[in-house]
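Structure at a glance
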Amino acid sequence: QPEQLKSADSRRALLELNKAANELIVDKLMDEGVSFTSLDGVLISPRAKIGADTVIHSGTQLKGSVTIGECCQIGPNTIIENSTVGNGSNLHSSLIEQSEVGNGVRLGPNSHLRPKSVLKDKVKIGNFVEVKNSTLGEATSVAHLTYIGDSDFGAHVNVGCGVVCVNYNGYTKARCTVGDNAFIGCNTNLVAPVTVKDGAYTAAGSTITDEVPENALAIARCRQTNKEGWAVKHRERYKK
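1. Notes on the overall build of the protein
When you go through the protein residue by residue, the secondary structure sums to two helices and 28 strands. Going through the 240 residues of the protein one by one, you find that 40% of them count as buried. For the protein, contacts bridging at least 24 residues in sequence account for 9% of all contacts bridging at least 6. Summed over all atoms, the accessible surface of the protein reaches about 13,800 Å², with 50% contributed by carbon and sulfur. Positive and negative side-chain charges of the protein, numbering 26 and 25 respectively, have mean locations separated by a distance of 12 Å.

Shown next, in the form of structure tokens:
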């Protein structure tokens with residue numbers, strides 16, 4: 001209607017128009033069963049679809065085409081862009097771009113899904129984890145401080161702290177493949193292209209360059225050597 005048309009001739013007026021448009025979207029979603037704990041910093045795309053009984057917390061921004069299922073907790077301080085989220089997922093203080101998140105997923109805080117990432121149902125992604133162009137199978141856990149890039153992980157995989165998929169050689173990208181029920185020890189480097197088969201383990205601190213057979217343990221590190229009395233001599237040298 002003509003009376004609904006308004007123009008903005010200043011930045012202040014444009015901000016007010018955007019605020020009014022956002023409030024209309026929020027009102028419609030609340031009528032459909034979506035809850036908001038606060039509207040501080042909340043921006044919702046007109047193309048966003050959100051299921052009933054989902055809760056949106058402060059600082060959440062939904063950009064572009066976003067679909068979120070029922071009974072989710074989104075935020076605080078979470079940005080989702082052109083992505084889908086299943087039912088019952090909890091996304092906390094994280095950035096999700098052009099990715100697919102399944103049902104019952106826990107993500108964050110402070111994690112990043114870069115484009116073309118797929119998290120299957122019940123995946124757990126913890127603090128400071130980055131996932132890029134990768135698929136993680138059902139109930140796989142990546143708890144903290146890890147980079148998963150250009151990789152395919154199976155179901156029920158446990159990924160320890162500090163794991164890195166070494167996917168780039170300076171010219172080309174290659175993929176890592178990890179089978180179901182594998183255990184990737186802390187500070188493992190998976191140098192792509194490489195495969196860790198079903199049920200296999202990698203020892204903490206290993207750099208894996210060759211295929212790990214099913215149910216095997218891969219140890220790729222030097223054996224420890226202790227130099228008795230070295231610390232005393234070291235300190236005395238610097239005291240002088």
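2. Here's the deal with the side chain of Asn167
Turning to its location among the elements, Asn167 is positioned in the loop between strand 21 (164-166) and strand 22 (176-178). Residue Asn167 is classed as buried on the basis of its relative accessible area of 8%. A polar contact of 3.4 Å, which involves the side chain of Asn167, links it to the side chain of Tyr147. Polar contacts involving the side chain of Asn167 include one to the side chain of Asp150, which spans 2.5 Å. Look past the residues within four positions of Asn167 in its chain and what remains in contact with it is Lys132, Tyr147, Gly149, Asp150, Thr172, Lys173, Ala174 and Ala192.

3. Overview of a nonpolar patch on the surface
On the surface, Phe183, Tyr201, Leu217 and Ile219 cluster together into a nonpolar patch covering about 400 Å² of accessible area. Examined against the element boundaries, Phe183 turns out to sit in strand 23 (residues 183-184).

4. A few points about unusual backbone geometry
Omega for the bond connecting Gly108 with Pro109 falls within 30 degrees of zero, at 5°, which places this linkage in the cis form. Here Pro109 shows up in the loop between strand 13 (106-107) and strand 14 (112-113). A cis geometry characterises the amide bond from Ala192 onward to Pro193, with omega recorded as 0°. Note that Pro193 resides in the loop between strand 24 (189-191) and strand 25 (194-196). At Asn82, a residue that is not glycine, the phi angle is positive and equals roughly 50°. Structurally, Asn82 can be placed in the loop between strand 8 (79-81) and strand 9 (84-85).

5. Considering the state of the cysteines
Summed over the entire model, instances satisfying the criterion amount to zero disulfides. Lacking any disulfide linkage, Cys72 is separated from the closest cysteine sulfur, that of Cys71, by 7.5 Å.

6. Observations regarding the packing of aromatic side chains
The relation between two aromatic rings is expressed through the spacing of the ring centres and the mutual angle of the planes. Summed over the entire model, instances satisfying the criterion amount to one aromatic pair. Plain terms: the ring middles of Phe183 and Tyr201 are 4.9 Å apart, the flat faces sit at 10° to each other, and that makes the pair stacked. Taken together, the residues Phe183 in strand 23 and Tyr201 in strand 26 (residues 201-202) connect sequence positions 18 residues apart. Looking at Phe183, the relative accessible area reads 33%, which means it is partly exposed.

7. Some thoughts on the environment of Gly108
Considering the arrangement of structural elements, one finds Gly108 in the loop between strand 13 and strand 14. Sequence separation between Gly108 and Asn127 is 19 residues, and the spatial gap between their C-alpha atoms is 5.4 Å. In contact with Gly108, not counting residues within four places along its chain, are His92, Ser94, Ile125, Gly126 and Asn127.

8. Notes on the environment of Ser58
Tracing the chain through its elements places Ser58 in the loop between strand 4 (55-56) and strand 5 (61-63). The residues touching Ser58, leaving out its near neighbours within four places in the chain, are Thr37, Ser38, Asp40, Val42, Pro76 and Asn77.

9. Overview of the sheet that holds strand 17 (residues 135-136)
Pairing is parallel across the open sheet formed by nine strands, whose spatial order is 3-6-9-12-15-17-19-22-25. This sheet does not close on itself; its edge strands, each paired only once, are strand 3 (49-50) and strand 25. Of the pairings in the sheet, the one linking strand 19 (residues 151-153) to strand 22 comprises three bridges and is parallel in character. In the sheet register, Phe153 faces strand 22, and the bridge partner there is Val178.

Procedures and definitions
Chains are numbered independently. Their residues run from 1 in the order of the written sequence. Under the rules for a predicted model, residues below a pLDDT of 70 receive no local features and side-chain atom pairs below 80 are neither given nor counted, while totals for whole chains, interfaces and linings still include all residues. Side-chain metrics in this entry use all non-hydrogen atoms of the structure; hydrogen atoms and water are not considered. Secondary structure counts use DSSP, requiring at least four H or I residues in a row for a helix and at least two E residues in a row for a strand, with both numbered from the N terminus. With a 1.4 Å probe rolled over the protein chains alone, any residue whose accessible area is under 20% of its type maximum counts as buried; one over 50% counts as exposed, and the rest are partly exposed. Here a residue-residue contact requires only that any non-hydrogen atoms of the pair lie within 4.5 Å. Accessible surface is estimated by sampling points in the Shrake-Rupley manner with a 1.4 Å probe; for residues, cover comes only from the protein chains shown. When charges are tallied, Lys and Arg are placed among the positive residues and Asp and Glu among the negative ones, while His and the ends of the chain are skipped. Charge positions come from single atoms, namely NZ of Lys, CZ of Arg, CG of Asp or CD of Glu. N or O atoms within 3.5 Å of each other form a polar contact, as long as, within protein, one can give a hydrogen and the other can take it, and as long as residues adjacent in sequence are counted only when both atoms are side-chain atoms. Each patch is built from residues lacking any salt bridge and having more than 30% relative accessible area; the joining distance is 9 Å for like charges and 5 Å for nonpolar side chains (Val, Leu, Ile, Met, Phe, Trp, Tyr). In the sections that follow, a salt bridge refers to a side-chain nitrogen of Lys or Arg positioned within 4 Å of a carboxyl oxygen of Asp or Glu. Throughout, disulfides are identified as pairs of cysteine sulfur atoms within 2.5 Å of each other. Two rings from Phe, Tyr or Trp (for Trp, the six-membered ring) form a pair when their centres are within 6.5 Å of each other. A pair whose planes differ by under 30 degrees is stacked, one over 60 is edge-to-face, and the rest are tilted. In short, DSSP must find at least two bridges between two strands for them to pair.

Any functional reading would require information beyond the geometric quantities listed.
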